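# Architecture at a glance
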Amino acid sequence: MDACATFEHKWSNAFPEFGLALRFLPESSRRERSALACIGFEIEHVALRIDEPQVAAGKLNWWMEELLSMRSGTPRHPLTEAVAGAATAGAVAAPDWHRLAIEAMAQRELAPSASLDQRLAVCRPFHLAFSHIESALFGDGDAHVRADALALSRALRDAVAIDAAHARGELSLPLDLLARHHLPRAELGVDDRVRDAALREYFDALAARMRGLDPHALSVIGAASLHADRVRSVRIARSPRPLVRAREQIARLPISTVWSAWRVARRHRLQAANALHDP
């Protein structure tokens, strides 16, 4: 197993829809697309899941230097080496890579959000920076739709990890949701009917937002992720014990994701074939 495949395996275990989507990617760009997705996973993990500020800052600084080194033709990491091999690698300017790292750093300093709209808005700049890079490299998908889908996926996972966030003094749910359910922030770590009702409403709202996004405006990886997260959100919202259901669902792949990924991949192939035959 080469180094890139090791990262694919790591992130496919965490996001099974990613492993599925890889099977539908064009062979000609599979390695580069997979490597870019893994870079996004790695940077987001450092920004959001490493508790020690100095450790996270050091890793994010390293990634910033590595992305700029890749842009200048001297990558050192196997993932950046793979992305640098893309024929379109030069389409991404140095400031775009720099912005990705800067926005990742900013995600560590987010204040509690008043509403779901505000939460998605403050998360979106990082995901939009990544989505612009993806679009510049591979040309398929709408960067703005992809950023919306990524922000919703993150909101889903943050809510599933509500207990860990509460233990760190962080707030995974918007303040207006807590107010509607008369749920004090100090009691977010208490597993009771009030919290369950708030979580059901929240996951239902996430599912509704996901239904409003066009999967055909996404890459295959993005479409598979959106579909899987929408199905998970619907199932969690319908459960009498949403957090228990969420922990069961988050690492499982809804079987209907296969059909969704195949349809988007087929559409992209047809569009590419038509483009070749256009005069």
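This write-up is about the structure you can find in this document.

Here is what the cut-offs are and how they apply
- Residues numbered from 1 in each chain as written.
- Predicted model: local features only at pLDDT ≥ 70, side-chain atom pairs only at ≥ 80, totals over all residues.
- Heavy atoms only, no water.
- Helix = DSSP H or I, 4+ residues; strand = E, 2+ residues; numbered from the N terminus.
- Rg over C-alpha atoms; globule rule 2.2 N^0.38 Å.
- Buried < 20%, exposed > 50% of the residue type's maximum accessible area, 1.4 Å probe, protein only.
- Areas by Shrake-Rupley, 256 points an atom, 1.4 Å probe, with all protein chains shown as cover.
- Lys, Arg positive; Asp, Glu negative; His and termini not counted.
- Charge placed at Lys NZ, Arg CZ, Asp CG, Glu CD.
- Contact = heavy atoms within 4.5 Å.
- Axes fitted to C-alpha atoms, helices over the stretch in contact; angles between N-to-C directions.
- Parallel < 35°, antiparallel > 145°, perpendicular 65-115°, else oblique.
- Left-handed = near helix turned anticlockwise from the far one by under 90°.
- Nonpolar A, V, L, I, M, F, W, Y, C, P; charged D, E, K, R; others polar.
- Disulfide = S-S within 2.5 Å.

## Some points on the overall build of the protein
Along the backbone of the protein there are 14 helices and zero strands. Walking the protein from its N terminus toward its C terminus, one meets helices and strands in the order α-α-α-α-α-α-α-α-α-α-α-α-α-α. At 19 Å, the protein has a C-alpha radius of gyration in line with the 19 Å of a compact globule built from 279 residues. Each principal axis of the C-alpha atoms in the protein carries an extent, and together these give about 60 × 40 × 35 Å. Looking at the protein as a whole, 50% of its 279 residues qualify as buried. Of the roughly 13100 Å² of accessible surface on the protein, a fraction of 55% belongs to carbon and sulfur atoms. In the protein, which carries 36 positive and 34 negative side-chain charges, the distance between the mean positions of the two groups comes to 5 Å.

## Describing the environment of histidine 268
With respect to the helices and strands, the residue histidine 268 is situated in helix 14 (residues 256–277). Between the alpha carbons of histidine 268 and proline 26 there is a distance of 9.7 Å; along the sequence they are 242 residues apart. If sequence neighbours within four positions are ignored, histidine 268 has contacts with Asp140, His216, Leu218, Ser219 and Val220.

## Some details on the packing of helix 7 (residues 116–138) against helix 8 (residues 143–160)
Between two packed helices, what matters for the description is the angle formed by their axes and the separation of those axes. Contact pair helix 7 / helix 8: the axes reach a minimum separation of 7 Å and the direction vectors enclose 130°. One way to sum up the angle between helix 7 and helix 8 is to call them oblique. The way helix 7 lies across helix 8 gives a crossing that is right-handed. Contacts between helix 7 and helix 8 involve Arg119, Leu120, Cys123, Arg124, His127, Leu128, Phe130, Ser131, His132, Glu134 and Ser135 from the former and Ala143, His144, Arg146, Ala147, Asp148, Leu150, Ala151, Leu152, Arg154, Ala155 and Asp158 from the latter.

## What to know about the packing of helix 1 (residues 3–14) against helix 3 (residues 30–49)
Two elements in contact, helix 1 and helix 3, have axes separated by 10 Å at closest approach and are oriented at 55°. On the basis of their axis angle, the class for helix 1 and helix 3 is oblique. Once helix 1 is placed against helix 3, the crossing between them reads as left-handed. Residues Cys4, Phe7, Glu8, Lys10 and Trp11 of helix 1 pack against Arg30, Arg31, Ser34, Cys38, Phe41, Glu42 and His45 of helix 3. Grouping the amino acids of the contact of helix 1 with helix 3 by side-chain chemistry returns five nonpolar, two polar and five charged.

## What to know about the state of the cysteines
Counted under the stated rule, the structure contains zero disulfides. The closest cysteine sulfur to the non-disulfide-bonded cysteine 4 is located on cysteine 38, 7.5 Å from its own sulfur.

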